[in-house]
Amino acid sequence: MKSSAPHRIAIVGAGPRGTGVLERLLAHLGARHDDRRVCVDVFDPFPAGAGRIWRGSQPSLLWMNSVAADVTMFTDETTIVDGPVVPGPTLAEWVHDNIESLRNDPELVDELIDFTPASFASRTLQSRYLEWVFARALTGTSSDVRVHRRTVVDVQDGDVQTLTLDDGSTVEADVLLLAQGHPDALPSAAENYLRTFAESHGLTYVGPGYTADLDPDVVPESEPILVAGLGLAFIDWMVLLAESRGGRFSRSVDGELSYQPSGREPVIYAGSRRGVPYHSKIGYDIAAARPPLPKYFSADSFPGEGRLDFRHDIWPLAAKEIAGAHFYELFASHPERTNGTWADFESQFDAVEWGSTASAELVEYFVPKDDDRIDLERIDRPLAGESYDGIDDATSRVSGYIAADLARRADHHYSSDAAVFSALLSVYMTTGELLRRGRIPAESVAVDIEGWLHSFFSFIASGPPPQRLEQLRALAASGIVRFLGPDTTFSADTTTGVFSAQSASHSEIVTARTLVDARLPVASIQSSGDALLRTLHARGEMVEVRANEKSAAKISVDGRSRILHSDGSTHDRRYAVGPWVAGHNWSSAFPRPRTNAGFFRHNDALAIELLPSAAPLPVRA
């Protein structure tokens, strides 16, 4: 019987994640016979497709950290989903197909002159792609899709869910998906203290935030500043405080990059826990170094339904997966640097526990050179235990580390690094499956997955383009950037009335009148900058998961991404997805083509959840 009442779906957030779920939802509907009409309302004050973080109104000097050929929003022949596979162009292919029209965009003209599939696109160019993806998803659909350039501030439950928008209007929905992406967080107590300290002493403090939302002009010229953090946010700040202020990079005939200051730059004293920036992106084709994965670490490696301990149960197998991928590529591409055959090594490696004395002896026999082995602890903390004479010595050491990293990541001699990259992606996918099966306790999700594993993965696999690290070395050589070293602490010096920083690796202390906290806001739900999240949490209709008071707090969901209430129950018609949802970092990045990316599989599963549940929708033959 035909139903006259439409099934109404609300998606809050029209950035890449909301767009990805919408695409899967419409793909399912386009392939099914069903008489019930489906209406979709999408809410975002920023342009649909790009959303806030990827909106086009950003400085063109801010880049993505993946090459254009490795960025897609479309399923392909490798994608294992229940819905239809709907292929589409990667970012690189889309640029190639639309190059003439894109060249008419004044913000893109210079970038497109030398653009190739190996280019790191500006976020402005990526915004154009994402807006096109959103528009294409709507092309030809028979479903009603309405886009609201508004913010949802509340949702009330009843026979239907009533969404209240920031203009006071309301929209009704049967099912709701929260996909806001990266909402802000209200300042923490520590951040409020630093801001108050700065105001009372005539200083400048810039708290955590998304670079495009911050004002670099508040940072003074030609004086020392402190920058806490050496991750991707630091790279953005480096660009905005140097090149965008009129300085110029140039390359000599021998290939060395140098920087000519404009005189408007500050002197940047930067430090962090590791003391070094994220690893550079690998500069050669890594597809050939992709080992067969997963081998040791799969969700089915853990029989039963009980909860797992990350350090005791999960990480040993995950670490073996990473190490096994490293050695597989070493034997496959560089057999002259090994003893024996891969088959001989593999048969014994399969039987040992990674990290044991037996595994160490096995590796020592088959892999004679230490440089060809893998030490995950050393990779995680490359400067651990080192000491320096002072900031000059620390700067020299970190500059040398960056040079070595750049050389290694461009050299196929070290192609095992590419295999490690693929293994890390596989580890993330398996971890996501264990989360969906409910095998990892909430506290472990916060501490081990969202905390340590995500940090480790980001450090190794989510680093900046190599050009950015070349520029960082050039800035250090010109005296614009000074490295403080590992385990740096930043504080407000109440005695002298300035900010101070010191690394545990030497005794030198540096002070400045400006402190920039170069990191994203620490996730919080009860203190979210998003009024909807704060309201739902205050009413007990949402729970945050956190390891401790200083760690990130994220939305707690079950294995189907349904939002949990404070009484432990789930809301059958409310879902949440994205980087601010506990356990969802595994599928939050832009997917790489032909990798069966978790992004698509997760979006497809959510689309099925959002469809009418009264009766299954048969797939067309």
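Heads up: these notes are all about the structure in this document. (Residues numbered from 1 in each chain as written. Predicted model: local features only at pLDDT ≥ 70, side-chain atom pairs only at ≥ 80, totals over all residues. Heavy atoms only, no water.)

## Considering the nonpolar core
Here is step 1 of the chain: If you look at the biggest cluster of nonpolar residues, it comprises 90 residues, and the most contacted ones within it are F234, W315, I322, F327, F345, F349 and W354.
Here is step 2 of the chain: In terms of residues, this core owes the most to one element, helix 8 (residues 310-333), which gives eleven residues.
Here is step 3 of the chain: Aside from chain neighbours lying at most four places away, what touches W354 is P316, A319, K320, A323, F327, F349, S359, V363, I374 and L376. (Core = buried A, V, L, I, M, F, W, Y, C linked by side-chain atoms within 4.5 Å. Buried < 20%, exposed > 50% of the residue type's maximum accessible area, 1.4 Å probe, protein only. Helix = DSSP H or I, 4+ residues; strand = E, 2+ residues; numbered from the N terminus. Contact = heavy atoms within 4.5 Å.)

## Structural notes on helix 1 (residues 16-30)
In an α-helix, one turn spans 3.6 residues, which is why side chains three or four residues apart end up on the same side.
Here is step 1 of the chain: For helix 1, with 15 residues, the first-to-last C-alpha span of 21 Å sits near the 21 Å given by 1.5 Å per residue.
Here is step 2 of the chain: Buried residues dominate helix 1, accounting for 14 of its 15 residues. (Expected span 1.5 Å × (residues − 1).)

## Description of the sheet that holds strand 23 (residues 570-576)
Here is step 1 of the chain: What the six strands build is an open sheet, ordered 5-2-1-9-23-22; its pairing is mixed. Each edge of the sheet is formed by a strand with only one pairing partner; in this case those strands are strand 5 (144-148) and strand 22 (562-564). Along the sheet, successive strands turn relative to each other by an average axial angle of 30°, direction set aside.
Here is step 2 of the chain: Here two bridges tie strand 22 to strand 23, and the two strands are oriented antiparallel to one another. Bridge pairing in strand 23 places R562 opposite Y575. (Pairing = 2+ DSSP bridges. Axes fitted to C-alpha atoms, helices over the stretch in contact; angles between N-to-C directions.)

## With respect to the packing of helix 13 (residues 416-436) against helix 14 (residues 442-461)
Here is step 1 of the chain: Between helix 13 and helix 14, whose axes approach to 10 Å, the crossing angle comes to 160°. Classified by the angle their axes make, helix 13 and helix 14 are roughly antiparallel. For helix 13 against helix 14, the interelement crossing comes out left-handed. In contact with F421, L424, L425, Y428, T431 and L435 of helix 13, helix 14 contributes V445, I449, L453, H454, F456, F457, I460 and A461.
Here is step 2 of the chain: Within the contact of helix 13 with helix 14, the residues separate by chemical class into twelve nonpolar, two polar and no charged. (Parallel < 35°, antiparallel > 145°, perpendicular 65-115°, else oblique. Left-handed = near helix turned anticlockwise from the far one by under 90°. Nonpolar A, V, L, I, M, F, W, Y, C, P; charged D, E, K, R; others polar.)

## Let's talk about the sheet that holds strand 18 (residues 509-512)
Here is step 1 of the chain: Read across the sheet, three strands follow the order 16-17-18 without closing on themselves; strand pairing throughout is antiparallel. Each edge of the open sheet carries a strand with a single partner, namely strand 16 (488-493) and strand 18. For this sheet the average axis-to-axis angle between neighbouring strands, irrespective of direction, equals 25°.
Here is step 2 of the chain: In the sheet, strand 17 (residues 498-503) pairs with strand 18 via four bridges, with the strands oriented antiparallel. Its bridge partner lying in strand 18, S500 is registered against T511.

## Considerations on the pairing of strand 14 (residues 267-271)
Here is step 1 of the chain: By the criterion of burial, strand 14 is predominantly enclosed, with four of the five residues buried.
Here is step 2 of the chain: By the bridge criterion, five bridges tie strand 11 (residues 224-228) to strand 14 in an arrangement that is parallel. What sits directly across from I225, in strand 14, is I268.
Here is step 3 of the chain: In this structure, strand 14 lies alongside strand 15 (residues 481-483), joined through three bridges in parallel fashion. Within strand 15, the residue paired with A270 across the bridge is F483.

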